[in-house]
Amino acid sequence: MGNAVHGQRGLHYRVFVKTGDRVGMGTDADVYLAFYNADGLRTRDFKLDKAFRNDFEMGKLDDFDICIDDKNFGPLAFIEIWLDERGLFDKWYCEYIEVKALSTKVVHKFPVHRWVPADTKLRLCEFDMVLPQEDKTFFQRQRELQRKDKLYNVLKHQQTTMLMCRNLPSDESFSNDHMWDLAGNAVKVMLATNTIGITTDKWESLKDIESIYRPPLLPVPAGLDKWKSDVEFGNQRLSGCNPTQIRLCTEIPDNFAVNEKDIEPLIENRTIDEAIACRRLFIANYDFLKDLPCTDGRTICAPMGLFFVDKDKHLMPVAIQLFQDPAPDNPVFYPSDPEYTWLMAKCYFNNADASVHESAVHLGFTHLVGESIVIATHRCLSPSHPVFRLLAPHFLYLLAINSRAVNVLVAEGGWVDTTMAIGRIGMFEIIKRMWQKWRLDVQGSLLADLEDRGVADPEVLPNYHYRDDAVLIRRAIFDYVKRIVDGYYDSPAKVKEDKELQEWGRFLGGKPKNEKEATVGMQGLPNGGQFLTTDEVADTVTNFIFICSAGHAAANFGQYDQYGFPPSYPAWLHGQPPRDKTPLTEDDILQQLPDKAETLSVMTFTKLLSTRGTNALGDFEMCYLYDPVGCASLYRFRADLAKIGEMIDERNREREEKYIYLHPREIPNAISI
């Protein structure tokens, strides 16, 4: 059947069909469509075809006119779509179908977001947002999940023990592959800066480093003018790219050999006990880095740092011990030590902090945790499931960028091996060690994490910009999610009866069905992965969305400003950490910094990784919510984000140091870089 002729009697409709925008998603097969009304009455088959036009090409929106003969057919309830026999050797990914009644202007929306199978007819209800126990196409859902189970084939990464995709599914590829060519784009940046011919020589002076910057491609990073400042060193714990390690100090660890007399003048003449009692003392302890195996047998410190909130509300470093075991050649360094000796101690502390940041906080607990969430969601939840539709916009390109990172950045001899002291061996070991203790209901939940670290109260830890802005974003996400979850689970029984949801929870955090099954193994899920209430569902979905959007933004987009000037946040130091209080010079630090080629490599890659390639939070590249409940909640979510943006703008006008990484316009929907 070709396009309807408007002179025909009956009900006239215009059908809009959107094909997916990634390579291979178009089709040359003939596509057919049929309608059902609420009583189950079916129309005849309509062939969607326009003469002299190549329909269903990648990324295209096609339209067709059709006519239902029966004027009393009634409102549309379902559609059925399929390919002709040629489709057996072809495949087609449909994003959505909209059907507009030309007489009433009513639009019926059928989100698809699926490969249309060649061997069966795909039947979808309007909005395609339905719990499995209420779906009239239950067996269709089962077939889809069986296909996804094979498509998202998994393995446990040997070094990290985290779940990963064995091969990148074609559904997850980039739509514009050149934009995410990390190695190629890095070369372009270096060529554009006219510094590609730089040698591997050491820097002659700190001023010499400044000559490498070429705005706007390589602007002067924020750390350049502040790297010596103790105020800035404290700010790095609060609003740098690793702002989740500082915690309230309730006691000095036995192995932290702080001297009371040395530290009292640094904490406004209080005793340590007095500073602890008034909650002014904070600590960052990297004990899990002790005896860390690194690429080529390199050494990384396992430092402890003590910080004090002074009368000006600045978080000031007051003591650093670079290794865990106290010894004569492992002294505690203080700001009162010789200037460059103290600066060297801070450099080595930051080298360890950077190692934790890139390994766990960035790669492990946004990218790789995100990959586990993507896998579990695709394998366990139908595209028709409300939870799937809530999470899907936050999965865009995540698996693709992870695949690219593993093959380029973390490959043997790749960027991590050549620019970071820990190398890939140390990076994987950090992830493994921290994953063993990571819990969704602690480290994976913003509010619980802040409480666990004792830093939730702004009166206790002021100027913690990451916390203050993140709490606003997290609250907006939760409200958005809760409205939709409550709209579909109007009783606890529906949560318990949802077999897809319960299987999702089991795969994420429960026990494997057998010895061969690989599951995520995530700790801290509600009831070990058995959902009982809507609050548990909403909180889990909120945590996952936050990790894949705001959590990644906080860890990723400040990288260039931190790493771009090596003394500020060194990924590698060539030499040995200070073992005594011997006065050092600027040249001593200069000699340990990465050489010119290493510095340029760090700068170019962190600049590329700090770029935003996708839309801002709430402005979804692909819309999955068409139902009234979802649309209304999304509208309010966007309004909430706009208000939050205004609040952060106002805060930044008052802040000594602006914090932009959690402004809603700066947070992408997904981990796509």
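Everything that follows concerns the structure shown earlier in this document.
Residues numbered from 1 in each chain as written. Predicted model: local features only at pLDDT ≥ 70, side-chain atom pairs only at ≥ 80, totals over all residues. Heavy atoms only, no water.

(A) Examining the overall build of the protein chain more closely. A count of helices and strands for the protein chain gives 20 helices and 15 strands. Computed over its C-alpha atoms, the radius of gyration of the protein chain comes to 28 Å, within 12% of the 26 Å expected for a compact globule of 673 residues. Seen along its three principal axes, the alpha-carbon backbone of the protein chain occupies a region of about 95 × 55 × 55 Å. For the protein chain, buried positions account for 60% of its 673 residues. By sequence separation, contacts in the protein chain at least 24 residues apart represent 74% of the contacts at least 6 residues apart. Total accessible area computed for the protein chain in this model is approximately 27000 Å², and 51% of it derives from carbon and sulfur atoms. (Helix = DSSP H or I, 4+ residues; strand = E, 2+ residues; numbered from the N terminus. Rg over C-alpha atoms; globule rule 2.2 N^0.38 Å. Buried < 20%, exposed > 50% of the residue type's maximum accessible area, 1.4 Å probe, protein only. Contact = heavy atoms within 4.5 Å. Areas by Shrake-Rupley, 256 points an atom, 1.4 Å probe, with all protein chains shown as cover.)

(B) Layout of the pairing of strand E7 (residues 107–116). Buried residues dominate E7, accounting for 8 of its 10 residues. Judged from the 8 bridges that link them, strand E6 (residues 92–101) and E7 form a sheet pairing that is antiparallel. Within E7, the residue paired with Ile97 across the bridge is Phe110. As consecutive antiparallel partners, E6 and E7 are separated by 5 residues, and within that stretch Lys105 has a phi angle of approximately 70 degrees, a positive value. (Pairing = 2+ DSSP bridges.)

(C) Focus on the packing of aromatic side chains. Under the defined criterion, the tally for this structure stands at 24 aromatic pairs. Taken together, the ring pairs in this structure connect Phe233, Tyr286, Phe288, Phe307 and Phe349 into an aromatic cluster. The residue whose ring lies beneath Arg53 is Phe64, and the NZ or CZ to ring-centre distance is 5.5 Å. Its end group placed over the ring of Phe233, Arg237 keeps NZ or CZ at 4.4 Å from the ring centre. (Phe/Tyr/Trp six-rings, centres within 6.5 Å; stacked < 30°, edge-to-face > 60°. Lys NZ or Arg CZ within 6 Å of the ring centre and 35° of its normal.)

(D) How the structure looks around the pattern of salt bridges. Evaluation of the coordinates by the stated rule reveals 46 salt bridges. Across the pair Asp449 and Arg453 runs a salt bridge whose closest N-O atoms are separated by 3.0 Å. The structure contains a network of salt bridges with shared partners spanning Lys50, Arg53, Asp55, Lys60, Asp62 and Asp63. (Salt bridge = Lys/Arg side-chain N within 4 Å of Asp/Glu carboxyl O.)

(E) Examining the side chain of His108 more closely. Tracing the backbone through its elements, the reader meets His108 in strand E7. Here Glu126 takes part through its side chain, which lies 3.3 Å from a polar atom of the side chain of His108. Those residues in contact with His108, other than ones at most four positions away along the chain, are Leu76, Ile97, Glu98, Val99 and Glu126. (Polar contact = N/O pair within 3.5 Å; in protein donor to acceptor, adjacent residues only side chain to side chain.)

(F) Structural detail: the side chain of Arg389. In this fold, Arg389 is placed in helix H8 (residues 386–391). A distance of 3.1 Å separates the side chain of Arg389 from the side chain of His113, its partner in a polar contact. Within the local environment of Arg389, its side chain forms a polar contact with the backbone oxygen of Tyr624, the two atoms lying 3.0 Å apart. With residues up to four places along the chain from it excluded, the contact list for Arg389 reads Pro111, Val112, His113, Arg114, Phe127, Asp128, Met129, Pro383, Ser384, Tyr624 and Leu625.

(G) Expanded view of unusual backbone geometry. A cis amide bond, omega 5 degrees, links Pro215 with the succeeding residue Pro216. Tracing the chain through its elements places Pro216 in the loop between helix H3 (206–210) and helix H4 (230–239). For Asp128, which is not a glycine, the phi torsion comes out positive at approximately 45 degrees. With respect to the helices and strands, Asp128 occurs in the loop between strand E8 (122–125) and helix H1 (138–151). Under the relative-accessibility criterion, Asp128 is labelled buried at 2%. The phi dihedral of Asn527 is positive, around 55 degrees, even though this residue is not glycine.

(H) Region of interest: the sheet that holds E7. With antiparallel pairing, 4 strands are arranged side by side in an open sheet as E4-E1-E6-E7. Looking at which strands have only one partner, the edges of the open sheet turn out to be strand E4 (61–68) and E7. On average, each strand axis in the sheet is inclined to that of its neighbour by 20 degrees, with strand direction left out of account. Alignment of strand E1 (residues 11–19) against E6, held across 7 bridges, turns out to be antiparallel. Its bridge partner lying in E6, Thr19 is registered against Cys94. (Axes fitted to C-alpha atoms, helices over the stretch in contact; angles between N-to-C directions.)

None of the figures reported here should be taken as evidence of function without further support.
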